[in-house]
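Residues per chain, in single letters:
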Amino acid sequence: MTVHAFPQLEIPETLAAGPGPGNTDARVLARFAAAGVADHMQPDVLRGMVECKHMLREIWGTDNVHTFGAAGTGWTALDMMFSAVRPGDKVVAFANGTFSGIDALTLRLKAATERELASSPMDPQAASVTVIEVPHGQSVSLAEIETALAEHQPKWAFMAHWETGSGRINDLKGFSDACDRHGVLGLVDAVSSLGVEDFRIDDYPGVAGWASCPQKGICCLPLTYAPVSFTDRFIDSLKETGAATYANHPIFEARHWGIIEGEDVEKGTYHRTHSGYAVAAFHESLRLTLEQTVAKRAAEYARHEAVLRDVLETMGCEVTSNMTSLVVLNLPGDMAGREMELVQHCRAQNFGIWPTLSAPVQIRIGILNQLNRRAIEEIATRFAQAIRDLGGKANQADINDVLHNHYGVACAAE
Ligand SMILES: *Cc1c(COP(=O)(O)O)cnc(C)c1O
């Protein structure tokens, strides 16, 4: 059978108002498209990677030499970080939503013995891994962390900083302090907090490994570079035990970013093929973040999230999240249970909001790189229209009042 070429693939412009990916910044897209054809050892590509490494350390507030990008998305960075966890290692993982749940699965895959993996290959029950399940919609409590670390005395402890599944923030300082107290190596999923919350890695010495992503708070493209950072303690542990990966090995991968034997060198050496396009995009997203500053961005996220939350509550929705880049909500009582239907209705109109991926079904509306009045007004107005389309009540005049209260009357400066 002959397969003819399909028509050119057209992908529409949508309003990305979910937990991620966010709206890739126009400046990032422009640099991506402007990069020339160049291989991964071309001097400007190598220089760009070294510059990215330095900018990333500044953004993330760390002197960790092993701070660079894993080629891929958030799960790539997380996989790289978890590659230091070896079969039989004792681990405590806190799961309070979809993503930390998958992180806990990854940890069970890594820590399972050969026999445990063979007996349940997709869902190994590793005896050395304790998963503390925290109900959807709640944050991990300090008491839970303290109790579990004291009881199990693990080598590793894991927590998500911002659990995007349920929109809940977990306490980084409490986690780091507990890891310090118990001599545990802390691992953190910072996929959705980097570039959104103003925090410095070096203020949390109990955390040894950090993993993030390109396409949320950093405003870059998916499948470019997912930031990672590892302390010397993490790297020392890795040197002792090794890791069963070449492509995604923290020490091997660091070489291409000019980090060799724990030292910065002038230019990287071959590890794998890197993309000049990806490097150019990542470089611009980091420049942009430094220009805007994480502190200012964090304040803007808090300001605009408060507006969106207020608008949604005015419509009778119940907001259960406390992240500043994402609002997780239940519909008003008369529309309860129709969350998935409403999300599908919006998505059919290229208004990309999301449901939660684990029960109970809630709605998630994100504002990544939507930090201006016009964008928040559009999200609020389209959401209200969708509620009316489904027969619910959402009074546009009331919504306008809320927007005016926060932003001032229309046409006033933001
Ligand atoms: C988005 C997200 C992930 C997954 O990242 P990908 O970029 O989709 O691979 C993991 N953890 C958290 C907390 C996230 O928000």
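Parameters at a glance
Residues numbered from 1 in each chain as written. Predicted model: local features only at pLDDT ≥ 70, side-chain atom pairs only at ≥ 80, totals over all residues. Heavy atoms only, no water. Helix = DSSP H or I, 4+ residues; strand = E, 2+ residues; numbered from the N terminus. Rg over C-alpha atoms; globule rule 2.2 N^0.38 Å. Buried < 20%, exposed > 50% of the residue type's maximum accessible area, 1.4 Å probe, protein only. Contact = heavy atoms within 4.5 Å. Areas by Shrake-Rupley, 256 points an atom, 1.4 Å probe, with all protein chains shown as cover. Lys, Arg positive; Asp, Glu negative; His and termini not counted. Charge placed at Lys NZ, Arg CZ, Asp CG, Glu CD. Pairing = 2+ DSSP bridges. Axes fitted to C-alpha atoms, helices over the stretch in contact; angles between N-to-C directions. Near = heavy atom within 4 Å. Polar contact = N/O pair within 3.5 Å; in protein donor to acceptor, adjacent residues only side chain to side chain. Nonpolar A, V, L, I, M, F, W, Y, C, P; charged D, E, K, R; others polar. Phe/Tyr/Trp six-rings, centres within 6.5 Å; stacked < 30°, edge-to-face > 60°. Lys NZ or Arg CZ within 6 Å of the ring centre and 35° of its normal. Disulfide = S-S within 2.5 Å. Expected span 1.5 Å × (residues − 1). Arc of directions from axis to C-beta.

**Student:** How should the overall build of the protein be read in this particular structure?
**Tutor:** In terms of helices and strands, the protein carries 14 helices and 17 strands. Relative to the compact-globule value of 22 Å for 414 residues, the protein shows a C-alpha radius of gyration of 22 Å, a close match. Taking the principal axes of the C-alpha coordinates as reference, the protein spans close to 65 × 60 × 55 Å. Residues classed as buried in the protein amount to 53% of the 414 residues present. Of the contacts formed within the protein by residues at least 6 apart in sequence, a portion of 70% connects residues at least 24 apart. About 17600 Å² of surface is accessible on the protein, with carbon and sulfur atoms providing 54% of the total. If the 34 positive side-chain charges of the protein are averaged to one point and the 51 negative ones to another, these points end up 2 Å apart.

**Student:** Would you mind showing me how to read the sheet that holds strand S4 (residues 129-133) here?
**Tutor:** Sheet strands pair via backbone hydrogen bonds, and the direction of the pair is either parallel or antiparallel. Taken in spatial order, the seven strands make up an open sheet running S2-S10-S9-S8-S5-S3-S4, and their pairing is mixed. Each edge of the sheet is formed by a strand with only one pairing partner; in this case those strands are strand S2 (66-72) and S4. Shown here is a sheet whose adjacent strand axes are inclined to one another by a mean of 20 degrees, direction ignored. Against the sheet, helix H2 (residues 43-60) touches S2, strand S9 (207-211) and strand S10 (224-230), its axis set at about 110 degrees to S2.

**Student:** Explain the site of the ligand to me, please; I cannot follow it from the model alone.
**Tutor:** The local shell around the ligand holds 13 residues, among which Thr73, Thr164, Asp189, Gln215 and Lys216 are the closest. A distance of 2.7 Å separates an oxygen atom of the ligand from a polar atom in the side chain of Thr73. Burial of the ligand by the protein chains amounts to 90% of its free accessible area of 390 Å². For the shell around the ligand, the leading source of residues is helix H3 (residues 74-82), giving three residues. Residues belonging to the shell around the ligand are distributed by class as follows: six nonpolar, five polar and two charged.

**Student:** Any chance you could explain the packing of aromatic side chains here in plain terms?
**Tutor:** Two measures describe an aromatic ring pair: the distance that separates the ring centres and the angle between the ring planes. For the coordinates displayed, the defined rule picks out 14 aromatic pairs. On the basis of an interplanar angle of 65 degrees and a centroid distance of 5.9 Å, the ring pair of Trp156 and Phe234 is categorised as edge-to-face. Separated by 78 residues along the polypeptide, Trp156 in strand S5 (residues 156-160) and Phe234 in helix H8 (residues 232-241) bring together distant segments of the chain. For the pair Trp156 and Phe234, one class covers both residues: buried. Residues Phe230 and Phe234 carry aromatic rings whose centres are separated by 4.4 Å and whose planes lie at 20 degrees to one another, so their mutual orientation is stacked. Take Phe234: its relative accessible area is 0%, and that puts it in the buried class. Counting every residue linked through ring pairs, the aromatic cluster contains Phe68, Trp156, Tyr225, Phe230, Phe234, Trp257 and Phe282. Sitting above the plane of the Phe99 ring, Lys216 keeps its charged end 5.2 Å from the centroid. Over the ring of Trp354 we find Arg347, and its NZ or CZ is 5.0 Å from the ring centre.

**Student:** Even after reading the chapter, I still don't get the state of the cysteines, so can you show me in this structure?
**Tutor:** Such a bond, covalent and formed between the sulfur atoms of two cysteines, is termed a disulfide. Under the defined criterion, the tally for this structure stands at zero disulfides. No disulfide involves Cys219; its sulfur sits 8.9 Å from that of Cys220, the nearest cysteine. Here Cys346 stays unpaired: no disulfide links it, and the sulfur of Cys317, its closest cysteine neighbor, is 11 Å away.

**Student:** Hey, could you run me through helix H14 (residues 396-407) in this one?
**Tutor:** Residues separated by three or four positions in an α-helix point in the same direction, a consequence of the helix having 3.6 residues per turn. If you check H14, its first and last C-alpha atoms are 16 Å apart, about what twelve residues at 1.5 Å a residue would give, namely 16 Å. Looking only at H14, the buried set comprises Ile399, Val402, Leu403 and Tyr407. In an axial view of H14, the angular spread of the buried residues amounts to 110 degrees, which keeps them on one side of the axis. Where H14 is buried, its residues touch helix H11 (294-314) and helix H13 (373-389). You can read the cap of H14 off the contacts: a side-chain oxygen lies 2.8 Å from the backbone nitrogen of Ala397, and it is on Asn395. Directly after H14, the chain includes Gly408, whose backbone phi takes a positive value near 90 degrees.

**Student:** Looking at this model, I keep getting lost on the environment of His249. Mind explaining?
**Tutor:** Among the structural elements, His249 can be located in the loop between H8 and helix H9 (250-256). Residue class for His249 comes out buried when judged on its relative accessible area of 7%. C-alpha of His249 to C-alpha of Cys346: the two residues are 97 residues apart in sequence and 41 Å apart in space. Residue contacts for His249: discarding those within four places in its chain leaves Met80, Leu238 and Ala243.

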